[in-house]
Amino acid sequence: MAALTSITPTPTSSSSSVCPNFRTSPLTISSTITLTSAQASKQRLASKNRRGLIIRSAATKPAKSPAEEEWKVKRELLLEKRVRSVDAKEAFRLQKENNFVILDVRPVAEFKEGHPTGAVNIQIYRLIKEWTAWDIARRVAFAFFGIFSGTEENPEFIQSVESKFNKDAKIIVACTTGGTMKPSQNLPEGQQSRSLIAAYLLVLNGYKNVFHLEGGIYTWFKEELPSESEE
């Protein structure tokens, strides 16, 4: 049986105008096959005459993560676990009187520009960091639309939450606009958002007291509730 194992690029003079460090070249596929000694010798000799990029591992999209689950599935679990949506004024009251913590899942830069006083920031999405073939493809796709700061799911999100909060913590998850679980004529299943995805991940990982900020941080600022910045 043939098996793809790793990628080994050989230098070429051509490069991508979008990603200068990403070189292109012809592709040569090398397979690992069970051979007799004579056949193996011929195989090694033939491989020496090949040029270009030797592929030993196919670049494929990583397996779907829980955050990428269909919104319908997420919404059903959120409703089953009775995750409650609250407006900005109710969130402020719960924070002040019932020891709720506002978990702001926006990117760090947005959080620093301004956030509810006392909020904790753990971003659910971050700037793309790696340079695997899949990540390069995503960077190119973002760049095609003029976006040069594409984001990816933060793989350390739950780990970071668990380092700060126990499973009984009272948490109100917030992002910029909030999304909604409420059905409407145009959105019969509501609308997904970063904060609702974060709430889904929390209840999926055993958190019991998870609320959601309806209208997001935008409504918090609009209501002129206490806020602070780090700049």
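Criteria and thresholds
- Starting from 1, residues in each chain are numbered consecutively following that chain's sequence as written.
- pLDDT decides what is reported in this predicted model: residues at 70 or higher carry local features, side-chain atom pairs at 80 or more are listed and counted, and totals for whole chains, interfaces and linings draw on all residues regardless.
- Side-chain metrics rest on all non-hydrogen atoms present in the structure, leaving aside hydrogens and water.
- Numbering of helices and strands starts at the N terminus; helices are DSSP runs of H or I of at least 4 residues and strands are runs of E of at least 2.
- Polar contacts, as counted here, are pairs of nitrogen or oxygen atoms within 3.5 Å of one another; within protein the pair requires one atom able to donate a hydrogen and one able to accept it, and residues that are adjacent in sequence qualify only if both atoms are side-chain atoms.
- The contact criterion used is simple: two residues touch if any of their non-hydrogen atoms lie within 4.5 Å.
- A 1.4 Å probe rolled over the protein chains alone gives each residue an accessible area, and that area as a share of the maximum for its type sets the label: buried under 20%, exposed over 50%, partly exposed in between.
- One requirement defines pairing of two strands: DSSP has to find at least two bridges between them.
- Centres within 6.5 Å make a pair out of two Phe, Tyr or Trp rings, where for Trp the six-membered ring is used; the pair is then stacked when the planes are under 30 degrees apart, edge-to-face when over 60, and tilted otherwise.
- The rule for a salt bridge is simple: a side-chain nitrogen of Lys or Arg has to be within 4 Å of a carboxyl oxygen of Asp or Glu.
- Nonpolar core, defined: a set of buried Ala, Val, Leu, Ile, Met, Phe, Trp, Tyr and Cys residues in which side-chain atoms within 4.5 Å join the residues together.
- Here an axis means a line fitted to C-alpha atoms, over the contact stretch when the element is a helix, while the angle between two N-to-C directions is reported on a 0 to 180 degree scale.
- Any angle that falls under 35 degrees is termed roughly parallel, while one over 145 is termed roughly antiparallel, one within 65 to 115 roughly perpendicular, and all others oblique.
- Left-handed describes a crossing in which the near helix is turned anticlockwise from the far one by less than a right angle; the clockwise case is right-handed.
- All residues other than Ala, Val, Leu, Ile, Met, Phe, Trp, Tyr, Cys, Pro, Asp, Glu, Lys and Arg, Gly among them, are scored as polar; the first ten of these are nonpolar and the last four charged.

### Here we look at the side chain of Asn-154
Tracing the backbone shows Asn-154 in the loop between strand 9 (151-153) and helix 6 (157-164). Within the local environment of Asn-154, its side chain forms a polar contact with the backbone oxygen of Gln-123, the two atoms lying 2.9 Å apart. Excluding its chain neighbours within four sequence positions, the residues that come into contact with Asn-154 are Gln-123, Ile-124, Tyr-125 and Arg-126.

### Section: the pairing of strand 10 (residues 170-174)
The side chains of a regular strand alternate between both faces of the sheet. Within strand 10, four of the five residues are buried, which leaves the element mostly enclosed by the surrounding structure. Across four bridges, the pairing between strand 5 (residues 101-104) and strand 10 is parallel. In the sheet register, Ile-102 faces strand 10, and the bridge partner there is Ile-172. Pairing analysis gives four bridges linking strand 10 to strand 11 (residues 209-213), with the strands arranged parallel. Residue pairing for strand 11: Ile-171 is matched across the bridge by Val-210.

### Quick notes on unusual backbone geometry
What you tend to see is this: most non-glycine residues have negative phi, and most peptide bonds are trans. Even without being glycine, Asn-99 reaches a positive phi, approximately 60°. Among the secondary structure elements, Asn-99 is positioned in the loop between helix 3 (88-97) and strand 5.

### Looking at the packing of aromatic side chains
A complete count under the given rule lists two aromatic pairs for this structure. Aromatic side chains Phe-92 and Trp-220 sit 6.0 Å apart centroid to centroid with 85° between the ring planes, which places their arrangement in the edge-to-face category. Within this pair, whereas Phe-92 is found in helix 3, its partner Trp-220 is found in helix 8 (residues 216-222), the two being separated by 128 residues in sequence. With a centroid separation of 4.9 Å and an interplanar angle of 45°, the aromatic rings of Phe-100 and Phe-211 are classed as tilted. Placement of the pair is Phe-100 in the loop between helix 3 and strand 5 and Phe-211 in strand 11, with a sequence separation of 111 residues. With relative accessibility at 14%, the residue Phe-211 sits in the buried group.

### Some thoughts on the environment of Gly-216
Examined against the element boundaries, Gly-216 turns out to sit in helix 8. The class of Gly-216 is buried, set by a relative accessible area of 0%. The spacing of Gly-216 and Cys-175 is 41 residues in sequence and 5.3 Å in space, taken between C-alpha atoms. Other than its neighbours up to four places away in sequence, Gly-216 contacts Cys-175, Thr-176, Thr-177 and Gly-178.

### Details of the pattern of salt bridges
Inspection of every chain in the model, using the stated rule, returns seven salt bridges. Between Arg-93 and Glu-90 there is a salt bridge whose closest N-O contact spans 2.9 Å. In this pair, Arg-93 and Glu-90 both sit in helix 3, three residues apart, roughly one turn of the helix. Residue Asp-104 is joined to Arg-106 by a salt bridge in which the shortest nitrogen-to-oxygen separation is 2.8 Å. Each member of the pair, Asp-104 together with Arg-106, is buried. Bridged by salt links that share partners, the residues Arg-84, Glu-90, Arg-93 and Glu-97 form one connected network.

### Here's the deal with the nonpolar core
Formed by 28 residues in total, the largest nonpolar core has its most connected members in Leu-78, Leu-103, Phe-157 and Leu-202. Mapped onto this core, the elements with two or more residues apiece are helix 2 (71-80), helix 6, strand 10 and helix 7 (194-204). Beyond its immediate chain neighbours, meaning those up to four positions away, Leu-78 contacts Trp-71, Val-83, Met-181, Leu-196, Ala-199, Tyr-200 and Val-203. Counting 15 residues, the second-largest nonpolar core is a separate cluster that includes Ala-91, Leu-94, Phe-100 and Ile-172.

### A short note on the packing of helix 2 against helix 7
Between helix 2 and helix 7, whose axes approach to 10 Å, the crossing angle comes to 60°. Comparing the axis directions of helix 2 and helix 7 gives the class oblique. Our pair here, helix 2 against helix 7, has a crossing hand that is left-handed. Between helix 2 and helix 7, the residues in contact are Trp-71, Val-73, Lys-74, Leu-77 and Leu-78 and Leu-196, Ile-197, Ala-199, Tyr-200, Val-203 and Leu-204, respectively. For the contact of helix 2 with helix 7, the class distribution of residues is 10 nonpolar, no polar and one charged.

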